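Residue strings, one per chain:
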Amino acid sequence: MSNQITRDQIIQKAWEDDAFMQQLLQDPKSAIKDAFGVDIPESIEVTAVEETPEHAYLVIPPKPSAMRTASAVEFPTW
């Protein structure tokens, strides 16, 4: 996915397009496919959440050692 679309592009579209934002929160894979034409494999689970000034999320990525041994399908970089 990194070659086709970035997280920043998804976020920018969500800020600019309320309908996309709602779809992204409800069904991220469909929203990304509809907006950018990118199919995310069934084996990848995508969760979209919206931060607020009162509630932030800390996402901890996989350990680098796990990234070296896993395939790109298991741990996508985007």
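Further up the page is the structure itself.
Residues numbered from 1 in each chain as written. Predicted model: local features only at pLDDT ≥ 70, side-chain atom pairs only at ≥ 80, totals over all residues. Heavy atoms only, no water.

Draft legend 1. Expanded view of the overall build of the protein. Check the secondary structure of the protein and you find four helices and zero strands. Reading the protein from its N end, one meets helices and strands in the order α-α-α-α. By the burial criterion, 18% of the 78 residues in the protein qualify as buried. Within the protein, contacts between residues at least 6 apart in sequence are counted, and of these 37% link residues at least 24 apart. Counting only carbon and sulfur atoms, one obtains 52% of the accessible surface of the protein, whose full area is about 6100 Å². (Helix = DSSP H or I, 4+ residues; strand = E, 2+ residues; numbered from the N terminus. Buried < 20%, exposed > 50% of the residue type's maximum accessible area, 1.4 Å probe, protein only. Contact = heavy atoms within 4.5 Å. Areas by Shrake-Rupley, 256 points an atom, 1.4 Å probe, with all protein chains shown as cover.)

Draft legend 2. View of the pattern of salt bridges. Inspection of the entire model under this criterion finds two salt bridges. Salt-bridge contacts for Asp17 lead to Lys13; the nearest nitrogen and oxygen are separated by 3.2 Å. A residue is classified by how much of its surface remains accessible, and Asp17, at 27% relative accessible area, is partly exposed. Given a relative accessible area of 26%, Lys13 falls into the partly exposed group. Linking Asp39 and Lys33 is a salt bridge whose minimum nitrogen-to-oxygen distance equals 3.0 Å. Here Asp39 falls in the exposed class, since its relative accessible area comes to 56%. (Salt bridge = Lys/Arg side-chain N within 4 Å of Asp/Glu carboxyl O.)

Draft legend 3. Structural detail: the environment of Pro41. As for its position among the elements, Pro41 is in the loop between helix H3 (28-36) and helix H4 (64-69). With twelve residues separating them along the chain, Pro41 and Lys29 place their C-alpha atoms 9.0 Å apart.

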